[in-house]
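# Remarks on the overall topology
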Amino acid sequence: MKLEDKLFLVTFVPDSETHLSAIKQETCRTCAGKPCISGCPAACWEHEAEKNEVLVSFEGCLECGTCRIICPYHNIQWKYPRGGFGVKYKFG
Amino acid sequence: MHEPQGLRTPAKMVAAVYFSFPLLLLPILRACRTKSFVEAAMAEDKFDVIVVGAGPSGLAAAVSLAKAGLEVAVLERGVFAGSKNVMGGVFYRHPLEEILPDFWHEAPLERAIVEQRLWMLGAHGHTGIAVRSDTFGGIKPNCWTVFRAKFDRWLAQKAEAAGAMILTEATVESLLRENGKVVGVHTNLEDGDLRADVVIIAEGANSLLLRDIGVHPEIKPNQVATAVKEIIALPAGKIEDRFNVEPGQGVTIELFGSLSRGGVGLGFLYANRESISLGIGLLTSDLARLQVKPNDLLEALKEHPSIRPLLASGSTEEYMAHLIPEGGYNAVPRLYGAGWLVVGDAAMLVDSVHREGSNLAVKSGLLAAAAVVRAKENNDFSAAGLASYRNALRDSFVMRDLKKYKGLSHFLESHPHFFTVYPDLINDAGTAFFTVNGQSKREMQRRLLKMIRQRRGLLGLMLDAVQGGLTLQ
Ligand SMILES: Cc1cc2nc3c(=O)[nH]c(=O)nc-3n(C[C@H](O)[C@H](O)[C@H](O)COP(=O)(O)OP(=O)(O)OC[C@H]3O[C@@H](n4cnc5c(N)ncnc54)[C@H](O)[C@@H]3O)c2cc1C
Ligand code: SF4
Ligand code: SF4
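Our subject in this report is the structure included herewith. Going along each chain's sequence as written, the residues are numbered from 1 onward. Going through the entries in the order they are written, you letter the chains from A and number the ligands from 1. The predicted nature of this model means local features are confined to residues of pLDDT at least 70 and side-chain atom pairs, given and counted, to a pLDDT of 80 or more, with totals for whole chains, interfaces and linings taken over all residues. Think of the side-chain values as coming from all heavy atoms in the structure, minus any hydrogens and water.

## Focus on helix α2 (residues 56-67) of chain B
Residue and element names in this part refer to chain B.
- When the terminal C-alpha atoms of α2 are compared, their 16 Å separation across twelve residues agrees well with the 16 Å that a helix rising 1.5 Å per residue should span.
- Using a 1.4 Å probe on the protein chains alone, a residue whose accessible area is under 20% of its type maximum counts as buried, one over 50% counts as exposed, and one in between counts as partly exposed. The secondary structure listing takes helices from DSSP runs of H or I that are at least 4 residues long and strands from runs of E that are at least 2 residues long, numbered from the N terminus. Counting buried positions over the twelve residues of α2 gives eleven, a clear majority of the element.
- Inspection of α2 places Pro-56, Ser-57, Gly-58, Leu-59, Ala-60, Ala-61, Ala-62, Val-63, Ser-64, Leu-65 and Ala-66 among the buried residues, and these make up the whole buried set.
- At the C-terminal side of α2, Gly-69 shows a positive phi close to 90°. Here, expected helix span is obtained from the residue count minus one, scaled by 1.5 Å.

## Description of the site of ligand 3
- Think of it this way: one heavy atom of a residue within 4 Å of a molecule or strand is enough to make that residue near it. By nearness alone, every residue bordering ligand 3 is listed as Cys-40, Pro-41, Cys-44, Trp-45, Cys-61, Leu-62, Glu-63, Cys-64, Gly-65, Thr-66, Cys-67 and Trp-78 of chain A.
- Residues are grouped as follows: Ala, Val, Leu, Ile, Met, Phe, Trp, Tyr, Cys and Pro are nonpolar; Asp, Glu, Lys and Arg are charged; every other residue, Gly included, is polar. Class assignment for the residues of the shell around ligand 3 results in nine nonpolar, two polar and one charged.

## Topic: the interface of chain A and chain B
- Taken together, the 37 residues of chain A in the interface contact 50 residues of chain B.
- Each partner contributes to the roughly 3700 Å² buried at the junction of chain A and chain B, and carbon and sulfur atoms together form 56% of this total.
- The quantity reported as buried area is the accessible area (1.4 Å probe) lost by two parts once they are put together, taken as the sum for both. Summed over the three residues of chain A that lose the most area to chain B, namely Tyr-80, Tyr-89 and Phe-91 of chain A, the buried surface amounts to 22% of that side.
- Put simply, a salt bridge is a Lys or Arg side-chain nitrogen that is within 4 Å of an Asp or Glu carboxyl oxygen. Here chain A is connected to chain B by five salt bridges.
- Put simply, Glu-299 of chain B and Lys-6 of chain A hold a salt bridge, and the shortest N to O gap is 2.6 Å.
- Whenever two N or O atoms come within 3.5 Å, that pair is a polar contact, provided that in protein one can donate a hydrogen and the other can accept it, and provided that, for residues adjacent in sequence, both atoms are side-chain atoms. Along the contact surface separating chain A from chain B lie 25 residue pairs in polar contact (both at pLDDT 80 or more).
- Sorting the residues of the side of chain A that touches chain B by element identifies α1 (3-8), α3 (35-39), α4 (66-70) and β6 (86-88) of chain A as the ones contributing at least two each.
- For the side of chain A that touches chain B, the element with the most residues is α4 of chain A, which contributes four residues.
- A class-by-class count of the residues in the side of chain A that touches chain B yields 20 nonpolar, ten polar and seven charged. Contact definition: two residues touch when any of their heavy atoms are within 4.5 Å.

## A word on the nonpolar core
Residues and elements named next belong to chain B.
- Residues enter a nonpolar core if they are buried and are Ala, Val, Leu, Ile, Met, Phe, Trp, Tyr or Cys, with the set joined through side-chain atoms within 4.5 Å. In terms of nonpolar packing, the biggest core is built from 84 residues, with Leu-96, Phe-103, Phe-151 and Ile-200 touching the most fellow members.
- The dominant element in this core, judged by the number of residues it contributes, is helix α9 (residues 358-378), at nine residues.
- The contacts of Phe-151, once residues within four sequence positions are left out, are Phe-91, Leu-96, Phe-103, Ala-107, Pro-108, Leu-109 and Val-146.

## Points about a nonpolar patch on the surface
- On the surface, Leu-459, Met-462 and Leu-463 of chain B cluster together to form a nonpolar patch covering roughly 330 Å² of accessible area.
- On the secondary structure map, Leu-459 of chain B appears in helix α16 (residues 458-472). Within this analysis, patches are made of residues with over 30% relative accessible area and no salt bridge. Like charges are joined at 9 Å or less; nonpolar side chains (Val, Leu, Ile, Met, Phe, Trp, Tyr) at 5 Å or less. Every accessible area reported is derived by Shrake-Rupley at a probe size of 1.4 Å, with residue values counting cover from the shown protein chains alone.

## Focus on the pairing of strand β5 (residues 126-132) of chain B
Residue and element names in this part refer to chain B.
- Pairing between strands is defined by DSSP: at least two bridges between them are needed. Across seven bridges, the pairing between strand β4 (residues 112-121) and β5 is antiparallel. Bridge pairing in β5 places Glu-115 opposite Arg-132.
- The turn linking β4 back onto β5 is made up of four residues.

Everything listed here is a matter of geometry and, on its own, says nothing about what the molecule does.
As structure tokens, then:
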């Protein structure tokens, strides 16, 4: 089953502002493995080749915290979404 | 006074109303009491205790504190308690029954677990053990599978009924501090700041507040696992047939071996009433090292020859991700300070050997509540006034169990063959042992020994056994 199809099954209350972002793009450019990209269970992080930037789609974030901890340079600004926003599990 | 049982019907009804009137008033009185204390507390912006997070640790603390008569508010960032929470999830009877006796008669539980299996997965199959006992089930089951979105919501209602106030959609953004003491929380709510004598931090594994007050340096990637899980729907009858259980009974399967691709990782497959919970967790540092995607591990697990038939014809209902604290004893941060205590996953209280977390969370919540009640009696909320929490936790099963396995996570990280070589080796050896192909048994034994020598070496095997044994001693 494809990840997109699975994420389609998850309920989100979308916020208008992001709760996460890469702090310095220069740091990302020098980051060899870019583990935030492969490690995110929801594939929120991607490398945008044209601008050579690492970008995040916060709307599909499952709020697990993996990217915050896996980033070898502590280069991710991470806070919880505002109260009531973000992922809302049926089962959990 | 007449006994109502002896009266004729209309009179009986009048009597019933008459006698039940005070009972009817009770919830109203309780609501007034709750409302008035909450209003009073909000007006002067001061509670006895603020709990950050409505998971099992925070809610257990809240039930206990409210029952002791303290004014307690629980702040939860989700739309409802449980809406952000994930576990396998096996919930144990002990120690929640200490504060909610017989809770299993009303709590939203899935199946009472009567059989626990441990499977080592090789490429072609598995080798396993299973323990089944009637005594696991019965009238007082040992544990059940649960859905946390349902269970935590119910537990929050119990806390509310005990007199606690549950504020949802409330994210605590920082702790208020004055003169080195925690005096409350700053939230995203309209009148953002709430004050209390004590703040109990029950944020779960991804705790931000501890880091902000400098108690917990940034969590290291080898101190947590990233877990993903799916709920796969199946009719109850199919589950009972596939797992050989009766209605209401369930089975758990813990999985390790080839599924973690050489990293430190565990999988699980638990039977719910009308679904299966299937998940896998890998040390977050290994996720980085191996550059694997969590969902790819889960998909590969679904295709494993021992797992696939158990899931056949099921349909995925939900997908989720969460961290699991794996640092064990050595990763437990400072547990208390002036005006604050930390409980549950935020304090890294997880025993991953026995996949126990929620019970340690509940126990730590109860012990924290007891320490706060004592501090209230002495009107001393300083670090010294709250120190009884650390001592009680140290003397409980929580710290004792964590201490017992304190070397294990490091041992497994430095002995990857427990996840790579052995499961396949054991499975292949077992397969050779049971295969009939005209070879004499002596030849077969020789072949097995050769297999062991080639893949791990006899000395390595013995060293692993001795060192592993010492770690678990
Ligand atoms: C995949 C997986 C499988 C597991 N399996 C098992 C199992 O089978 N059995 C078992 O016993 N344990 C298991 N565990 C461990 C168990 O889930 C945890 O030990 C337990 O949930 C810890 O409870 P807690 O109350 O400390 O934290 P949590 O349950 O994480 O609760 C924390 C709460 O705080 C809220 N919160 C966090 N920060 C804030 C903030 N700043 N403001 C407001 N609210 C906030 C969160 O939304 C959440 O509701 C598993 C864990 C995972 C991830
Ligand atoms: S892991 Fe950190 S530094 Fe590396 S690409 Fe991701 S955000 Fe940038
Ligand atoms: S918190 Fe988890 S789901 Fe969200 S972006 Fe980070 S890794 Fe992905």
